[in-house]
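Reading the structure
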Amino acid sequence: MNDPLFTALFEILRFENLLASFAGVTFGLFIGMMPGLTVSLGMVLLLPLTYKISAITSVCLLLGLYASGMTGGSFSAVLINIPGTPSASATALDGHAMAQQGRAGEALGIAVIASFFGGVFGLICLWVASPIIARVALNFGAPELFAIVLLGLTLICSFGQESNIKGLLSGIVGLIIMTVGLDPMMGTPRFTFDTVELQAGISFLPAMIGLFAIPQIIRGLSGKSSVIPQYDEKVTGVLPRLRNLVKLVKSMFIGSAIGTGVGAIPGTGGPIGVFLAYDYARKASKSGNRFGKGEPEGVAAPEAANNAVAGGALIPMLTLGIPGDPITAILLGALLIHGLIPGPLLFSQNAHFVYAVFWAYLVANIMNITVSLSTIKLWVRVLKVPERILIPIIVVVCIVGTYGLRNTFFDTAIMLAFGILAYFMNKYGFPIVPMLLAIVLGPSLESHLRMSLILADGDWTVFFRQPISLAFILLAVVTFFGPLILPAIRSRFKKPC
Amino acid sequence: MKRVNILIAFVLLVFAGYYAWLTAALPDRNLPNTMGIDFFPWVLCAALTGLSLLLLIKSLFFKTSETCMYRVEWIEIKEMLIFLVLTVAYLQALDYLGFIILTPVYIATLMIGSGSRRWKEIALISLLTTVGIYFFFDKVFQVILPGGKLL
């Protein structure tokens, strides 16, 4: 019974951890279903609390939110045709059509069950794949680790951005910000301007809160997103019949497989996964022509996908320390707060914690399906809470959360500064996620780079001599230059019409 | 968008220059055979300069691939300025008046600012939120919130 697998399970089943999971799930459903409030925002709002609780309880809280936030997003998508999260966009296509036909309860029930299916599928993949990847990654030295972090950053800077130059600029500015404070290897102050508070560097918690919360607060205060349509019909028949559910297994399987695969690629994220899943499920379905007109399979596939993305995104985060999306980046931040550094060493040195993460995610999914199905009618009413009430509460939670970090308003000022920066970045097409990733990964990128060069006596070819680091660096180069060069090549060889 | 990108590229180039100047002023404290504390900042400085130049060249000589029309809305700027002034004033006054007294006023002001005119709702939400947050952070999580000098 001293096996870490079982000790972790008993730890997760302790009252405070189950309570944290329940709180996370409830808060996640609320945040996920409120249009304008994102799962990332929910995570950063809870992050200050994780300072005061154990690492495992923090994981229960945050994974509960992660699992249920995706499900919550589908509630508003189905009921009012406004996806609570970007990952619920595809669910709105058939889910809202079903609601218009008076089948809102059925659509919500399918969404919740498919979310559970996707979540558990993603977890199984995580459980099977991550120890294998971690074992391989255990042989990596500093050059390989530098190359992996570089590739992760480049992928996130380039994928899905309007301009990958702007994505990379956002990442570079984030890395520059992280050079403030004591140098990680020599302990000499850098760019601190003789300010004591800056010697500890820019803490990523106020930075994250500022980047995610302040632009939403400003939008909310200016009344940009406060007009939310209401759903006044009665919601009935939430539990679908077993016979109908069996018909959806194929779509849920397609959604889960695509979601997990897409989630495991850093930088791709939920929205890509759900639309791919929707499209494949439509092509594979006998009733593909009914997609978009209220077809249950059109709800099941994307809902399974958006919860499976979470399991997929946890694979590179736990095994290589590379977050797959902004939510796992925040989760990575929460682990770093507790001195836990995700990566291959975590599996060999802290297997108990790794298993606790797996169990916590399973409990979060069970809690999610239980809470969601039993309280759907209540959540329909919660959707009526106006933003004019929510925004001031969020503001005060953000201020108190950053203040509580070191009992100083310096961190609150940092949060405001990052908030203003994020607002203008949003306005001028600079993505925020690369900056967030750079803030989280910056210190390890610098450490691995300098360590590699020290070990090689300053010889830069060290990165090209090892096949793995060479492959990752080449992939990073292709990721960055590919989108710039490919259109030019295509237009050169395009035949005139 | 093209003009904005050119302007942003210039701003980033100026920032890269400033960062280079700060990096050059860093103390020269190294162990033998190690990269100095200025090594990584120089790498970032070069990357920032290169990418800013790339953005400038792309904006000057090539058609933009960006489809979104980015623009700043003045109502949001106004709201942001009001929010910042209010928040800075709130943070400054917290040490004197304390969290319990000042927070309901701050929340009520934000609610009125965002268009709410239901006075009962404003009073109820601002009081309940303050008490809830105070209890949650101060009593449950032991984050000592400013008590104020008046009390």
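To be clear, the structure that these remarks concern was listed above.
Residues numbered from 1 in each chain as written. Chains lettered and ligands numbered in written order. Predicted model: local features only at pLDDT ≥ 70, side-chain atom pairs only at ≥ 80, totals over all residues.

What to know about the overall build of chain A
Here is the rule: Per the convention used, a helix needs a DSSP run of H or I reaching at least four residues, while a strand needs a run of E reaching at least two, with both numbered from the N terminus. Note that the radius of gyration is over C-alpha atoms, with the globule rule given as 2.2 Å times the number of residues to the power 0.38. Any residue surrounded by 20 or more other C-beta atoms within 10 Å of its C-beta is treated as buried, while 12 or fewer makes it exposed and the intermediate range makes it partly exposed; C-beta atoms here are placed from the backbone. This entry defines residue contacts through backbone-placed C-beta atoms, with two residues in contact when those atoms are within 7 Å.
Within chain A, the secondary structure is distributed over 22 helices and two strands. The C-alpha radius of gyration of chain A comes to 22 Å, within 12% of the 23 Å expected for a compact globule of 497 residues. The dimensions of chain A, computed from C-alpha atoms along their principal axes, are 70 × 60 × 60 Å. The proportion of buried residues among the 497 residues of chain A is 64%. Considering only residue pairs separated by 6 or more positions, chain A has 78% of its internal contacts joining residues 24 or more positions apart.

Some remarks on the overall build of chain B
Along its length, chain B carries five helices and zero strands. Listing the helices and strands of chain B from first to last along the sequence gives α-α-α-α-α. Burial analysis of chain B (151 residues in total) assigns 28% to the buried set.

Notes on the interface of chain B and chain A
If you look at the interface, chain B gives 53 residues, while chain A gives 47 residues. Listing elements by their share of the side of chain B that touches chain A, those giving two or more residues are helix H1 (2-24), helix H2 (39-61), helix H3 (74-97), helix H4 (99-113) and helix H5 (119-140) of chain B.

With respect to the packing of helix H3 (residues 39-50) of chain A against helix H15 (residues 326-337) of chain A
Residues and elements named next belong to chain A. Our working rule: Angular values range over 0 to 180 degrees, each being the angle between N-to-C directions of two axes fitted as lines to C-alpha atoms, with helices fitted over their stretch in contact. Roughly parallel means an angle under 35 degrees; roughly antiparallel means over 145; roughly perpendicular covers 65 to 115; every other angle is labelled oblique.
With their axes 9 Å apart at the nearest point, H3 and H15 run at an angle of 5° to one another. Taken together, the axis directions place H3 and H15 in an arrangement best described as roughly parallel. Between H3 and H15, the contacting residues are Val39, Ser40, Met43, Val44, Leu47 and Thr50 on the first element and Pro326, Ile327, Ile330, Gly333, Ala334 and Ile337 on the second.

Regarding H15(A)
Given 3.6 residues per turn, any residue in an α-helix points the same way as the ones three and four places further on. Residue and element names in this part refer to chain A. The criterion, for reference: Multiplying 1.5 Å by the residue count of a helix minus one yields the expected span of that helix.
Across its 12 residues, H15 extends 17 Å between first and last C-alpha, which sits within 8% of the 16 Å expected from 1.5 Å per residue. Burial within H15 is extensive, with 10 of its 12 residues counted as buried. Turning to H15, its buried residues number three or more, namely Pro326, Ile327, Thr328, Ala329, Ile330, Leu331, Leu332, Gly333, Ala334 and Leu335. Buried residues in H15 make contact with H3, helix H4 (55-80), helix H10 (204-221), helix H14 (296-320) and helix H20 (433-455). Just downstream of H15 lies Gly339, where phi reads positive at about 75°.

Some remarks on unusual backbone geometry
All names here are of chain A. One non-glycine residue, Phe193, lies in positive phi territory at about 50°. Positioned with a positive phi, Asp194 is a non-glycine residue whose angle comes to about 55°. Note on placement: Asp194 falls in the loop between strand E2 (189-190) and helix H9 (196-199).

Some details on H14(A)
All names here are of chain A. With 25 residues, H14 should cover 36 Å at 1.5 Å per step; its first-to-last C-alpha distance of 37 Å lies within 8% of that length. Within H14, 25 of the 25 residues are buried, which leaves it mostly tucked inside the rest of the structure. Once H14 ends, the next one or two residues include Gly321, with phi positive near 75°.

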